[in-house]
Protein chains: 2
Amino acid sequence: MDESAPRQERLVFAGLVGGAQVLGLASVVLTAVWMGHYRGGFSWDGSSFQFNVHPLCMVLGLVFLQGDAILVYRVFRNEAKRNVKILHGIIHLLALVVSIVGIVAVFDFHRAAKIPDMYSLHSWCGMLTIILFCVQWVMGLMFFLFPVASSWLRASYLPVHVFCGLVLVVMSIGTSLLGITEKLLFSIMPTYSTFPAEGVLANVLGLVLVLFGVVLCYLITREEFRRPPNPEEESLSVHFKTLTEGGTPNSP
Amino acid sequence: MDESAPRQERLVFAGLVGGAQVLGLASVVLTAVWMGHYRGGFSWDGSSFQFNVHPLCMVLGLVFLQGDAILVYRVFRNEAKRNVKILHGIIHLLALVVSIVGIVAVFDFHRAAKIPDMYSLHSWCGMLTIILFCVQWVMGLMFFLFPVASSWLRASYLPVHVFCGLVLVVMSIGTSLLGITEKLLFSIMPTYSTFPAEGVLANVLGLVLVLFGVVLCYLITREEFRRPPNPEEESLSVHFKTLTEGGTPNSP
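Only a predicted model underlies this, so the values are computations on that prediction, with no experimental measurement involved. (Residues numbered from 1 in each chain as written. Chains lettered and ligands numbered in written order. Predicted model: local features only at pLDDT ≥ 70, side-chain atom pairs only at ≥ 80, totals over all residues. Heavy atoms only, no water.)

Asks: Quick question: what am I supposed to make of the UniProt feature "transmembrane region" (unreviewed entry) in chain A here?
Replies: Residues and elements named next belong to chain A. Here, the residues flagged by UniProt with the feature "transmembrane region" (unreviewed entry) are residues 12-33, 53-74, 86-107, 127-146, 158-180 and 200-220. Between the C-alpha atoms that bound residues 158-180 there is a distance of 33 Å. The span itself is 100% helix and 0% strand. Segment residues 200-220 splits into 100% helix and 0% strand. End C-alpha atoms: 30 Å apart. (UniProt positions renumbered as here; feature names shortened; annotations may be inferred. Helix = DSSP H or I, 4+ residues; strand = E, 2+ residues; numbered from the N terminus.)

What follows is the structure, encoded as structure tokens:
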């Protein structure tokens, strides 16, 4: 947060960023407790214990890491944009790898247990989300990290990229909620209505995910938390171009 | 859309508004077909046919009408703000009434069938959404239609009101998706994985709702579709104040 910003604004910003981290970590921990304690733990042997890897990886990758990858532009708003951009790309790559592990886990489990794939609304939304996430990642790489697009094209694409990033986080959270409902109804349908600890814990996990999404979207869309324009705003591709043409970049 | 806006921008805007209407209406029609054709139709006798009123009212009220109530600020951006504000409030009131009918339908059905209330993630998210919707409606009424708050307070609250409105539409859509998954697993769990027509129709309904939300959020958040500042920007409460104090408003 900018040092020149009013003290109260900085406090609100710090509180919201801290809140987002607590909510994001809480969602990962609650998923781990649900799968580890109530669903028997984790393994990689095609059993239901391998399935348990799926929710954990998806919440960690597509929700928490994807959310934090977006937040770096607000948290490090006074750092060199090139560095923030690289950090944004790296966290997204990490999110993608973790998510792919999570997807392999569930497809492997389905194959071993002879359960059909891709018939539920959760799977349709999840597949759509992960495909769009990959498209967004490749487009981001081409537009903002490598000198493929012109400055005009980059500037036009930036708001679309930001909007799609938020849509993807919200879709990831929505898909997680669908997964929670599916898992509960497949596992504890006869007792779910008696408010068992597992059902309550999973519902609370759902609400924590919703809150994480709300705080994240608020931080990203509020005008006063935006990164102010500065010389570092120019794309990294300019540096690439300058360097490959033997010149010197005109900003650090 | 402003007449002075570039032709291409106006075409994109019209296409997106038209698309939102098609998607919103399609979601209502698909819900009606699902409940009317596959789930036996509608009644008000405590049976499962009364339950069928619930999804239809919630999609119509909390998704389509709430979405359109927000859209009026973009569609009628050149009309007198007072009129648009009243239309916004009326459509929201209609959305609230339709939603309350939908909620009564499901609680009545639960009571007749001796099914416990409020144990699922869908019910938790739904109750949270409808409570926040009521709070948002009352706050909107107090801040923007009646002269309770000062101009400074209204101006500070406006971005929060807009943000919360979008959060509420997204929460309504997410809750609808949870409801779709719950209903499918309660009704057709043994055959859902064989891609029956009912399952595919309900999944498509889920995707249509997601698309409606994405188009709506895009229309509301894009800078170029915003209502331009004009003399009508002043709150209606000013008119109320002027009229009650015997003066004349300084804008129509």
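Asks: Even after reading the chapter, I still don't get the relation of the copies chain B and chain A, so can you show me in this structure?
Replies: The second copy of the chain is related to the first by a rotation about an axis and a shift along the axis. Least-squares fitting of chain B to chain A yields an RMSD of 0.0 Å, with the superposition described by an axial translation of 0.0 Å and a rotation of 180 degrees. The transformation relating the two chain copies, once decomposed into turn and shift, fits a two-fold axis. In this assembly, 100% of the residues forming the interface of chain B have copies in chain A that are likewise at the interface, indicating an isologous arrangement. (Least-squares fit on C-alpha atoms with pLDDT ≥ 70 in both. Contact = heavy atoms within 4.5 Å.)

Asks: Please clarify how the side chain of Ser27(B) should be interpreted in this entry.
Replies: Residue and element names in this part refer to chain B. For serine 27, the location among the structural elements is in helix H1 (residues 7-38). At 2.6 Å, the side chain of serine 27 and the backbone oxygen of glycine 24 are in polar contact. Setting aside residues no more than four positions away along its own chain, serine 27 makes contact with Val59, Leu205, Val208 and Leu209. (Polar contact = N/O pair within 3.5 Å; in protein donor to acceptor, adjacent residues only side chain to side chain.)

Asks: Is there a simple way to explain helix H3 (residues 53-75) of chain A in this structure?
Replies: Helical periodicity: at 3.6 residues per turn, an α-helix aligns residues three or four positions apart in one direction. Most pronounced at Ala69(A), the bend in H3(A) amounts to some 30 degrees. The element H3(A) is extensively covered by neighbouring structure, given that 20 of its 23 residues are classed as buried. (Bend = angle between axes of the 7 residues up to and from the residue. Buried < 20%, exposed > 50% of the residue type's maximum accessible area, 1.4 Å probe, protein only.)

Asks: Before we go on, may I ask you to explain the pattern of salt bridges in this structure?
Replies: Side chains that differ in sign of charge can pair as their charged atoms come close. Enumeration according to the criterion identifies eight salt bridges over all chains in this entry. Here Arg39(A) makes a salt bridge to Glu198(A), at a shortest N to O gap of 2.8 Å. In this pair, Arg39(A) sits in the loop between helix H1 (7-38) and helix H2 (48-51) while Glu198(A) sits in helix H7 (residues 197-221), placing the two residues 159 residues apart along the sequence. The partner of Arg226(B) in a salt bridge is Glu223(B), with the nearest N and O atoms 3.1 Å apart. The class for Arg226(B) is partly exposed, based on a relative accessible area of 35%. By relative accessible area, Glu223(B) is classed as exposed at 55%. (Salt bridge = Lys/Arg side-chain N within 4 Å of Asp/Glu carboxyl O.)

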